[in-house]
Amino acid sequence: METGMRRLVVVSNRLPAALSREDGQWKVNAGSGGLVTALAPVLRNRGGMWIGWSGTSEEDADVEGLLSDFSAEAGYDLRTVPLTSDEVAGYYFGFSNEIIWPLFHDLQTRCRFEPDSWRMYLDVNFKFAEVVARSTTQDDFVWIHDYHLMHQAFFLKSMGVKRRTGFFLHIPFPPPDIFMKLPWRWKLIQALTEFDLVGFQTIQDRRNFTNSLHRLMPEASVKGRGAVVTVDMGSHQFRLGTFPISIDYNQFAAIANRPEVARAAFDIKEALRHRKIILGVDRLDYTKGIPERIRSIQTLLRRYPDLHGQLNFIQIAVPSREEVDEYKDLRTEIEQLVSRVNGEFSFPGWVPVHYHYRSFPPEELVAYYCAADIALVTPLRDGMNLVAKEYCACNVSGDGVLVLSEFAGAAAQLQKDAYLVNPYDLEGVAKALHRAFHWDKGQRQSHMSRLRDLIRKNNIYWWVDSFLQAGIDRKLGDFPPVDT
Ligand code: GDG
């Protein structure tokens, strides 16, 4: 290995390949998100590694065997962290999803501060750190992802294992008044200070973090300005950065340009008699503001009867955390709202709200993006929101409108050309939609073309580059293929 070149080791809760059983047979399904798309070539070229949980606790699965075939094909190593169902219950469903997820999205009343979940989170983080320690060397750069694994650097150091570590938080970091509610606030923030680099989606998240840090660890002093700053803790230093995540713009745009996808988009429009299409796409999660969005469509139709029969609202809701009661209740609430609105306004030949509770293949999702005149992206709080960026990348007609929640991380980047709304303000969202309907084509095109330019430049590769640059002074292009 060249001097200064480090192998990249990615650590996340789930591996980029998930094991599942279909008709009694174990199968490996490759992950396809933006993170996998961006990092897989780097890992392949550098001979890197991905560490995570395989997605199953069942003992009869030949996890290592199944993953070794996947790994040979993918061109990088996979290491699995085996987790029992009790560990998954405490660390993943308990601590990660019932404490950190709602708290960091400012929804503190949904938190269940269960001490056993905290203990299990620590145990599982220790287990992950043991695998990281065993599988890596001092020359590696270990890039840890998300709120499930905030104690990695802390445990590596406590084992006396020296590694260069970077951590990226995909979700928001809450303001101090909310963070301070966490019973384990000091231990958690202290653990974050043990990474060499901590990355956030927005400046606001980073500011929230430093404000909490100052309250809890007054010895911390922040030095420097710009996208990456240094924090001096007295005993050691670490860096903080802002790195807004993005998408593989060219890949989305290329799919949108395929003739069969354009045809599918046309078919959707034709089936809806070329009425204006407003589109929502989300994992079914209470942070995404789906009930509020349906209510704002109801408000729109109540306030502007001239729009009856003129539009369709399509909501795609991808099943998520289906075993959790809260998510089951949310699904029921959404389904009741959809039928209430349809019951109030439908007439022969027109049903205003189309609701799909399932995941679509990527090409079909892109066809919906292409068909939509307006994307209505209104989370109550979101780290970034990739749907907002994907919609713009796929809007090859160039005259769509992005209506975006001011509480999505994406708003910080896209505020000049998206139509920003407060998702709690049903009348405000209805008014924004009504106005967006009356924007002329030139106005729509100039906003959309600036949005597309910005996302094309600040794409997922730019994001990986900026993180690696801050973490190890290297860029993606600095990772030549192994066999050249
Ligand atoms: C977390 C943070 C942050 C949706 N429906 C279908 C489908 N999707 C894909 C979209 C998009 C992804 O799911 C959702 O990404 P988001 O960014 O909106 O949200 P989270 O899942 O909550 O992600 C978030 C993100 O991490 C990255 O840092 O932006 O703030 O919460 O890519 O395309 N994909 C397919 N069919 C569907 O029906 N194939």
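The model shown is predicted, which means the values in this text are computed figures rather than measured ones. (Residues numbered from 1 in each chain as written. Predicted model: local features only at pLDDT ≥ 70, side-chain atom pairs only at ≥ 80, totals over all residues. Heavy atoms only, no water.)

Here we look at the overall build of the protein chain
When helices and strands are tallied, the protein chain shows 18 helices and 17 strands. Its C-alpha atoms give the protein chain a radius of gyration of 23 Å, near enough to 23 Å, the size a compact globule of 484 residues would have. For the protein chain, the C-alpha atoms occupy an extent of roughly 70 × 50 × 45 Å along the three principal directions. Split into buried and exposed, the 484 residues of the protein chain put 57% on the buried side. Sequence-distant contacts, at least 24 apart, represent 76% of the contacts inside the protein chain between residues at least 6 apart. Element-wise, carbon and sulfur atoms account for 48% of the exposed surface of the protein chain, whose accessible area totals about 20,200 Å². Taken together, the 56 basic and 60 acidic charged side chains of the protein chain have centroids lying 6 Å from each other. (Helix = DSSP H or I, 4+ residues; strand = E, 2+ residues; numbered from the N terminus. Rg over C-alpha atoms; globule rule 2.2 N^0.38 Å. Buried < 20%, exposed > 50% of the residue type's maximum accessible area, 1.4 Å probe, protein only. Contact = heavy atoms within 4.5 Å. Areas by Shrake-Rupley, 256 points an atom, 1.4 Å probe, with all protein chains shown as cover. Lys, Arg positive; Asp, Glu negative; His and termini not counted. Charge placed at Lys NZ, Arg CZ, Asp CG, Glu CD.)

Quick word on the environment of Arg-21
In this structure, Arg-21 sits in strand β2 (residues 17-22). Taking the C-alpha atoms as reference points, Arg-21 and Ala-61, separated by 40 residues in sequence, lie 9.0 Å from one another. What Arg-21 contacts, discounting residues up to four positions off in sequence, is Trp-26, Glu-58 and Asp-60. In this structure the side chain of Arg-21 is engaged in a polar contact, spanning 2.3 Å, whose partner is the side chain of Glu-58. (Polar contact = N/O pair within 3.5 Å; in protein donor to acceptor, adjacent residues only side chain to side chain.)

Looking at the site of the ligand
Among the 20 residues in the neighbourhood of the ligand, the closest are listed as His-170, Phe-360, Asp-382, Leu-386 and Glu-390. For the ligand, an oxygen atom lies 3.0 Å from a polar atom in the backbone of Gly-383. Looking at the shell around the ligand, the elements with two or more residues in it are β12 (276-283), α13 (362-371) and α14 (386-394). Residues of the shell around the ligand, tallied by class, amount to 11 nonpolar, five polar and four charged. Taken domain by domain, the makeup of the shell around the ligand includes at least three residues from each of domain 1 (8-242) and domain 2 (249-457). (Near = heavy atom within 4 Å. Nonpolar A, V, L, I, M, F, W, Y, C, P; charged D, E, K, R; others polar. Domains from an automatic or database assignment.)

As for the layout of surface pockets
Considering only enclosed or pocket space, the second largest pocket measures out at about 290 Å³ in volume. Surrounding the second largest pocket, 18 residues form its lining, Lys-269, Cys-370, Ala-371, Asp-373 and Ser-397 being those nearest its centre. Where the lining of the second largest pocket is concerned, the elements lending two or more residues are α10 (259-271) and α13. In terms of residue count, the dominant contributor to the lining of the second largest pocket is α10 (three residues). (1 Å grid on protein atoms, 1.4 Å probe; cavity = no way out; pocket = protein on both sides within 12 Å on 5 of 7 lines; lining within 4 Å. Points joined across faces, edges and corners; volume = space filled by probe spheres on them.)

Here's the deal with the domain arrangement of the protein chain
Each domain of the protein chain was delimited in the assignment, giving domain 1 (8-242) and domain 2 (249-457). Look at where the C-alpha atoms of domain 1 and domain 2 centre, and you get two points 31 Å apart. In this assembly, 17 residues from domain 1 lie in contact with 17 residues from domain 2. Buried surface at the junction of domain 1 and domain 2, summed over both partners, amounts to about 1,400 Å²; 57% is from carbon and sulfur atoms. For the interface between domain 1 and domain 2, the tally reads three salt bridges. (Buried area = accessible area lost by both parts, 1.4 Å probe. Salt bridge = Lys/Arg side-chain N within 4 Å of Asp/Glu carboxyl O.)

Here's the deal with the sheet that holds strand β17 (residues 419-421)
The strand order across the open sheet formed by six strands is β14-β13-β12-β15-β16-β17, and the pairing between neighbours is parallel. Sheet topology places β14 (353-357) and β17 at the edges, where each strand pairs with a single neighbour. Averaged over all pairs of adjacent strands, the angle between strand axes in this sheet comes to 20°, irrespective of strand direction. Bridging between strand β16 (residues 401-405) and β17 involves three bridges; their strand directions are parallel. Directly across from Val-403, in β17, lies its bridge partner Tyr-419. (Pairing = 2+ DSSP bridges. Axes fitted to C-alpha atoms, helices over the stretch in contact; angles between N-to-C directions.)

Overview of a negative patch on the surface
Judged by side-chain charge, Asp-62, Glu-64, Asp-69 and Glu-73 come together as a negatively charged surface patch. By the element assignment, Glu-73 lies in helix α2 (residues 63-74). Given the relative accessible area of 73%, Glu-73 is considered exposed. (Patch = residues over 30% accessible without salt bridge, like charges linked within 9 Å, V, L, I, M, F, W, Y side chains within 5 Å.)

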